[in-house]
Amino acid sequence: MIFFVLRRSIFGILLLLIISAFTFWIFSALPSDPAALTCGKNCRPEVIEANRERLGYDKPLIEQYGSYMKGIFTGRTYGEEGAAVHCPAPSLGYSYDRHECVTSLIASTLPVTASIALGAFVLWMAIGVGLGTLAALKRGKWQDRVATAFSVIGVSLPTFFLGLIFIMVFVIWTGILPFPRYVGLTDNPFEWFMALILPWLVLAIISAATYVRMTRNGILEVMNEEFVRLGLAKGLPRRRLIVRYVLRAALVPIVTIAGLDFAFLLGGALVTESIFNMPGLGKLTLAAVVNSDLPILVATTMVAAVFIVVANTVVDILYGYLDPRVRVK
Amino acid sequence: MTLLSVQDLHVTFGTADGAVRAVQGVSFDVEPGETVAIVGESGSGKSVTANSLLRLNFGADVRIDGRILLEGRDILAMDETQIRSVRGREVAMIFQDPLTALNPFYTVGHQIAEAFAIHHPGTPKRELRKIALESLNKVGIPEPSKRIDQYPHEFSGGMRQRIVIAIALVNSPKLLIADEPTTALDVTVQAQILELIAQMQAEHGSAVILITHDLGVVAEITERVMVMYAGRVVESASVADTFLTPTHPYTRGLLKSVKSLDAGRHERLESIPGIPPSLINLPSGCPFHPRCAYAESLGGRCETETPALHLVGSSRSACHLPDERLLGLLGGGV
Amino acid sequence: MSETFILEARALRKYFPTGASKMLQRPTDLVRAVDDVSFGLRRGSTLAIVGESGCGKTTLGRLLARLIEPTAGSVVLDGVDLTAASARELLELRRDIQLVFQDPYACLNPRHSIGQSIGTPIRIQKTLDKAAEKARVRELMELVGLNPEHYNRFPHEFSGGQRQRAGIARALALQPKVIIADEPVSALDVSIQSQILNLMEDLQTSLGLSYVFVAHDLSVVRHIADEVAVMYLGKIVEIGDPESVYRRTAHPYTKALLSAVPVADPRRAAGRQRIVLTGDVPSPVNPPSGCRFRTRCPKAAERCAAEEPVLSARSGDQPSGHRVACHFPE
């Protein structure tokens, strides 16, 4: 088991190295010139060239990548003399557009995204698995039909649409909720919660739709398994049979997919964060796209990749733990 | 006292294509310690009958009518708590496919212990483990103390069927229902499992209902045979009578279809023409008449009138043919 | 020699590497699914290959049709070495050797009509044009006892037996010389099994086909085989004329297989002595040394662990072709 975890981890690190190199290469191959972005609009070519040299953009790509990677571990100083800015390790670059170390930008936006992702995840798993289980157990009855309708609507609704409707209904028309304005959890837990309710709900409803269907079908499939019939024939009470035999088997594949979905969300919920004006990773990324802020784009891509790779590794290990058939001896 | 008395059992499934009448008017008795076989091909209703005895048609849209009396108590009239105390304690079941019958997420020891613990709440853990260990030992699993903590996928098909048998017998049930217990197994392993069932039956004194499509298996271990076709019992007789003087054309056809080791080279097999009927659109009258070689000789009677089970010699048969012809089925040609 | 044999297996071997993790794989972890198997199939006759799960019978069937590449050895079809054929030659040679599978449902495309499925080999090999193909398919359907008017029906509208008839019709589409039938009746009801076996016999007589018939049970084979080969863990342990193999059985494994067949006669079932083998078939990954059957054999002695028995003629026998691989044959 330890060996399996170790091997998976090494594989994960290798994968991250490849992704980082690839990201770095892709963004450098873009037509926008990073040096040109350093000094505003009416910039003289001499200044651009001087900046290019100063920032190392004239060096070969491999070398640039090398100093970037080094910066992650040792920190890095950008610019020279009086204009020099030092970003301590782990340095993910310096945004000339915002005049800030990328690491500190990410550090300030990540908690927002994490708050959104975590709450939405808990909600959507509760709704998705709960409703899916109900639908499966009451197959053909009205509960099933309601759940199926929910799932169809949820899958087909675009995020921005549902978000706007929620704002209209809950904020503008009824005024039950204030317009979302993010407040740190440690600053004011109540306001934090109130601000996040709507983004949570929107993300949860849209993601839960898929989980309702997956859970329902998974349970119905497992219910036809011979081992469930044997459980029943043993005299197991219905509740215990459903929890220990049916749900246990049906949820294993769902847990693994959920892990990946969660990681994906941690990389930033672009649309949701924009609609609700949440200063998270997604919004940071979106702004960077608009402003061609390459250092930020590289960094947010890397951060998202780290989440996915880590989640993949965790899910693989978890799968081995949950299903004895794939457990490595 | 009769252990199990099934009276006029009807089982109907609702499906998108219409009502499937899987079992129609099946009646039989099982005495304590006795072995009864229910023989039939796919769609005959034999497995549905078996599952209905414990109301295991889980999750399906199903309607069961008639009476299933276990020592006089009607299983169909029981509430959830009552039926639960019957399942696994008084009546246990063995399934066809040992590869899928065990829960892949729990160790085999856990699954055996669970079967005991359900009906003996409060049994200490150490006691449960001892019971599981003994059960594994009894059904012939080598090195039980090592294998008790292994998962089903670490066992071969034959070994898994032994574990399923251990689960079934851990509460010494009065009745064991074995639904095609050897069909999915290799021939040499099949022989082992049949032997084990017979041996366990002798030890626990359980009655056995053996559901099978294989007349060979029937001849080996049972005393009485019921042949089912399209949801009905068409013949019910002792094993000797079934094989030596079958009293239904379908039974005769089945016997003739059995491949024999003594056949000559390229000896032609007698077969039953046609295919089994759809349970949604059953033929009128006798369900077997479209495939029956004798139907024509009775005019149109087989198409209009469903024959009832009646005594023919010492067997019971559901066929319109006169007794003397039924008793001479094996000897005479068509 | 090849004159009498339409199909020959010469020292065929197929080893599969095992282990899901490629990184940890030791080179010794090989499943010896088929290990040095040789035989010849006489023109117009049926050779039955019998054994339990894991004995390699299905792999052998696939090797014969060259669906998979052998690790070593060769397959000779009508004098031509299939294993040495190029991809283009192979396409042509495949016409002569066709397969019938255990589960006809699994090999009929559910979205194709039964007629289209039967005609698939003709379309792949482009032997006929569209109209001729349709006519040929109808002819084939008639031949196997299907109603040609059901050309446009889909597989799920047919019963198991009818689907197997369609599977046979498809195998016959290119007028093959040899048919490899992998447990063609084991998934069918007893009364339907006989129909299919009789059909196969009739087709053999009328079309001059040769069959390799793979089965797990000696009783099914009894009615159609001209020669029987019993396999255990990748090797043939006994082979010969069925009269001889069934009545004067030499190998203890064949004896056990025969005695395990349930007898549909209560008088004989009660009287006969039964050999019940202990345990399951060992893993073919690391088969027992010497004779592979020795771990379950009631007659096993020291010699069996040390020395592998060779398939050789039964001692004191007329040259009947009955051969056995056992140190202590009966």
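Remember, it's a predicted structure, so these values are computed and weren't measured experimentally. (Residues numbered from 1 in each chain as written. Chains lettered and ligands numbered in written order. Predicted model: local features only at pLDDT ≥ 70, side-chain atom pairs only at ≥ 80, totals over all residues. Heavy atoms only, no water.)

Student: Just give me the short version of the state of the cysteines, but keep the residues and values in it.
Tutor: Note: disulfide means a covalent bond formed between the sulfur atoms of two cysteine side chains. In the structure shown here, the tally under the stated rule is one disulfide over all chains. Note that cysteine 87 of chain A is cross-linked by a disulfide to cysteine 101 of chain A, the S-S spacing being 1.7 Å. Because the torsion about its S-S bond is -90°, the bridge between cysteine 87 of chain A and cysteine 101 of chain A counts as left-handed. Of this pair, cysteine 87 of chain A sits in strand E2 (residues 85–87) while cysteine 101 of chain A sits in strand E4 (residues 100–101), and the two are 14 residues apart along the sequence. Taking relative accessible area as the criterion, cysteine 87 of chain A reaches 1% and is therefore assigned buried. Among the cysteines around cysteine 286 of chain B, which has no disulfide bond, cysteine 302 of chain B carries the closest sulfur, lying 6.0 Å off. Here cysteine 319 of chain B is not cross-linked by a disulfide; its sulfur's nearest cysteine counterpart is in cysteine 292 of chain B, at 6.1 Å. According to the relative accessible area criterion, cysteine 319 of chain B is buried, its value standing at 10%. (Disulfide = S-S within 2.5 Å. Helix = DSSP H or I, 4+ residues; strand = E, 2+ residues; numbered from the N terminus. Buried < 20%, exposed > 50% of the residue type's maximum accessible area, 1.4 Å probe, protein only.)

Student: Talk me through the interface of chain B and chain C; I want residue IDs and the actual numbers.
Tutor: Contacts between the two partners involve 46 residues from chain B and, on the opposite side, 52 residues from chain C. Buried surface at the junction of chain B and chain C, summed over both partners, amounts to about 4100 Å²; 53% is from carbon and sulfur atoms. Ranking the residues of chain B by area buried against chain C places Lys259, Leu261 and Arg265 of chain B at the top, with a combined share of 18%. Along the contact surface separating chain B from chain C lie one salt bridge. For aspartate 202 of chain C, the salt bridge is made with arginine 268 of chain B, and the minimal N-O distance between the two is 3.0 Å. Sorting the residues of the side of chain B that touches chain C by element identifies helix H7 (157–169), helix H8 (187–204), helix H9 (215–221), helix H10 (239–244) and helix H11 (249–257) of chain B as the ones contributing at least two each. Here the side of chain B that touches chain C takes seven residues from H8 of chain B, the largest share from any one element. Along the lines of polarity and charge, the residues of the side of chain B that touches chain C split into 20 nonpolar, 14 polar and 12 charged. (Contact = heavy atoms within 4.5 Å. Buried area = accessible area lost by both parts, 1.4 Å probe. Salt bridge = Lys/Arg side-chain N within 4 Å of Asp/Glu carboxyl O. Nonpolar A, V, L, I, M, F, W, Y, C, P; charged D, E, K, R; others polar.)

Student: Please provide a residue-by-residue account of the sheet that holds strand E11 (residues 310–312) of chain B, values included.
Tutor: Residue and element names in this part refer to chain B. One open sheet accounts for eight strands, arranged E6-E7-E8-E3-E9-E10-E12-E11; its pairing is mixed. Lying at the two open borders of the sheet, with one neighbouring strand each, are strand E6 (91–94) and E11. Averaged over all neighbouring strand pairs, the angle between strand axes comes to 20°, with direction disregarded. Two strands pair when backbone bridges link them, and strand E3 (residues 35–39) and strand E8 (residues 207–212) are joined in this way by five bridges, in the parallel orientation. Opposite isoleucine 38, over in E8, you have isoleucine 211 as the bridge partner. Across the sheet, helix H1 (residues 46–53) touches E3, E6, strand E7 (175–179), E8 and strand E9 (224–229), and the angle it forms with E8 is around 145°. (Pairing = 2+ DSSP bridges. Axes fitted to C-alpha atoms, helices over the stretch in contact; angles between N-to-C directions.)

Student: I'd like a description of the sheet that holds strand E2 (residues 18–30) of chain B, backed by residues and values.
Tutor: All names here are of chain B. Reading across from one edge, E2-E1-E4-E5 is the order of the four strands in this open sheet, with antiparallel pairing throughout. The sheet terminates laterally at E2 and strand E5 (73–74), the two strands that pair on one side only. Across two bridges, the pairing between strand E4 (residues 62–70) and E5 is antiparallel. In the sheet register, leucine 70 faces E5, and the bridge partner there is arginine 73. Along the sheet face, H1 touches strand E1 (4–15), E2 and E4 and points at about 110° away from the line of E1.

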